[in-house]
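# Coordinate inspection notes
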Amino acid sequence: MEVFIDIVIHILVPIMVMLFLSIVSILIINRLIYEVFKFKMKLAKAKIDIFLTSLVFSPFEEESFSKAINDFKKRIPFQKNWCKEIILNEIINLKQNLKGDTTIHLHFIYEKFDLFEFSLKLIKHHQWYFKSMGIYHFNALEYGKGEKYVVPYLKYRNPILSTNAYIALIALTSNKLDFLIDYSENLSLTSEIKIMDILHSRKPPMPTNLKDWIQSSNPSIVKLGIKFMVYYNFSISKEDTIKLLRSDSEPIRNEIIVASRNLYIEGAEEILIHQFEVEEKKNKIEILTSLGTIGTEISEKFLSNLLIETTD
């Protein structure tokens, strides 16, 4: 027993102390390295912010811009990917927050910083997340030259990447948006908002096959088709309205009820009144709101009876 205690005191305890001190030293060193790196990044970001802002608000001259960018690359750790990411994020921020002529030359700056190649390298990465990041760069910058690199991912096996490719193509394509009818996945509310935001900002020509969207087997495309019809003021027939209101999808029924406030739909008032009794509460409220917009004396009579009869 005394031998064991002696071994613990003279061998194991020193080893444990040395191990503890080693771990503490490593943690301290790593923390110092991180703080130095963070300071380096902060310093580089400040330089990049100042440079890009001054460049964007300067009169454009291709040769002087190229020279300024090449000189600036030497003053920052440009070869590091984190540095390129900072530059790219700042260019995207400028694109999204500035309007008018100040953003015209951002694509030139993007290319001169070799960031197109950086985005392309991400798109060619074997992991879908990095591919999505590269596609996002083209989307956020509305970089039309990236269109052909996005198209192959429309049918990609990963639904998130496929959705991102479709959304990006809306922002990039110079053609009509007819291709959206082929989208087979479910669109999230976030994706719908992104698509409609792009639609309002880019104002692309109306898809030539828009009337077919509401016949799609994909409920997301049907719902999106109704939104597009409202945007383009594309009238929906009475027959299609009734068919959409008989859909098993509550969101589709909700969308056509909302659309009836903005589109001229033959017999919409009578159709909505007839639909009221079979709808869920959320859609009933939307029907009342629509009737408040398009309603005539028929709606007044319906509402008078409703106020007397309803217990809700």
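Above: the structure in question.
Overview of the structure. (Residues numbered from 1 in each chain as written. Predicted model: local features only at pLDDT ≥ 70, side-chain atom pairs only at ≥ 80, totals over all residues. Heavy atoms only, no water.)

### Here's the deal with the side chain of Lys84
Threshold: Going along the chain from the N terminus, every DSSP run of H or I of four or more residues is numbered as a helix, and every run of E of two or more is numbered as a strand. Burial classes: relative accessible area under 20% of the type maximum marks a residue as buried, over 50% as exposed, and values in between as partly exposed (1.4 Å probe, protein chains only). When charges are counted, Lys and Arg are positive and Asp and Glu negative, with His and the chain ends excluded. For this document, the term salt bridge refers to a Lys or Arg side-chain nitrogen within 4 Å of an Asp or Glu carboxyl oxygen. Two residues qualify as a contact provided that any one of their heavy atoms is within 4.5 Å of a heavy atom in the partner residue.
On the secondary structure map, Lys84 appears in helix α3 (residues 81-97). Of the side chains with opposite charge, Asp114 comes closest to the buried, unpaired Lys84, at an N-O distance of 6.2 Å. Among all residues touching Lys84, those that are not within four sequence positions of it are Phe78, Leu115 and Phe118.

### Regarding the nonpolar core
Definition in use: Among buried residues, those of type Ala, Val, Leu, Ile, Met, Phe, Trp, Tyr and Cys that are joined through side-chain atoms within 4.5 Å constitute a nonpolar core.
One finds Leu52, Ile87, Ile109, Phe113, Leu180 and Phe228 to be the most contacted residues of the largest nonpolar core, which totals 85 residues. It is helix α8 (residues 159-172) that provides the largest number of residues to this core, a total of nine residues. With sequence-adjacent residues up to four places away left out, Ile87 is seen in contact with Ile48, Leu52, Ile76, Phe78, Phe113 and Leu115.

### Focus: the side chain of Glu90
In this fold, Glu90 is placed in helix α3. Look at Glu90 and you get buried, because its relative accessible area is 14%. For Glu90, the contacting residues outside a window of four places in its chain are Lys45, Ile48, Asp49 and Leu52.

### Here's the deal with the pattern of salt bridges
A complete count under the given rule lists 13 salt bridges for this structure. Note that Glu90 is salt-bridged to Lys45, the shortest N-O span being 3.4 Å. Placement of the pair is Glu90 in helix α3 and Lys45 in helix α1 (residues 2-56), with a sequence separation of 45 residues. According to the relative accessible area criterion, Lys45 is partly exposed, its value standing at 34%. A salt bridge links Asp114 to Lys73; the nearest nitrogen and oxygen atoms lie 3.0 Å apart. Taken together, the positions of Asp114 in the loop between α4 (106-112) and α5 (115-123) and Lys73 in helix α2 (residues 62-73) put the pair 41 residues apart, joining distant regions of the chain. A relative accessible area of 15% means that Lys73 is categorised as buried. Among the ionic contacts, a cluster of salt bridges with common partners joins Glu192, Lys223, Lys227 and Glu255.

### Brief notes about the environment of Glu286
Summarising the element assignment, Glu286 is placed in helix α15 (residues 281-294). Each C-alpha atom, one on Glu286 and one on Val258, is 6.5 Å from the other, the two residues being 28 residues apart in sequence. When residues no more than four places from it in sequence are discounted, the contact partners of Glu286 are Asn254, Ile257, Val258 and Arg261.

### So, the packing of aromatic side chains
Put simply, the rule is: Any pair of Phe, Tyr and Trp rings, taking the six-membered ring for Trp, is counted once the centres come within 6.5 Å. Such a pair is stacked with planes under 30 degrees apart, edge-to-face with planes over 60 apart, and tilted for the rest.
With the rule as written, the count across this model stands at 20 aromatic pairs. Measuring from centroid to centroid gives 4.1 Å for Phe51 and Phe72, while their planes differ by 0 degrees, and the two rings are stacked. Here Phe51 is found in helix α1, whereas its partner Phe72 is found in helix α2, with 21 residues between them in sequence. There is no split in this pair, since Phe51 and Phe72 are both buried. A network of ring pairs unites the aromatic residues Tyr110, Phe116, Phe138, Tyr143 and Tyr149 as a single cluster.

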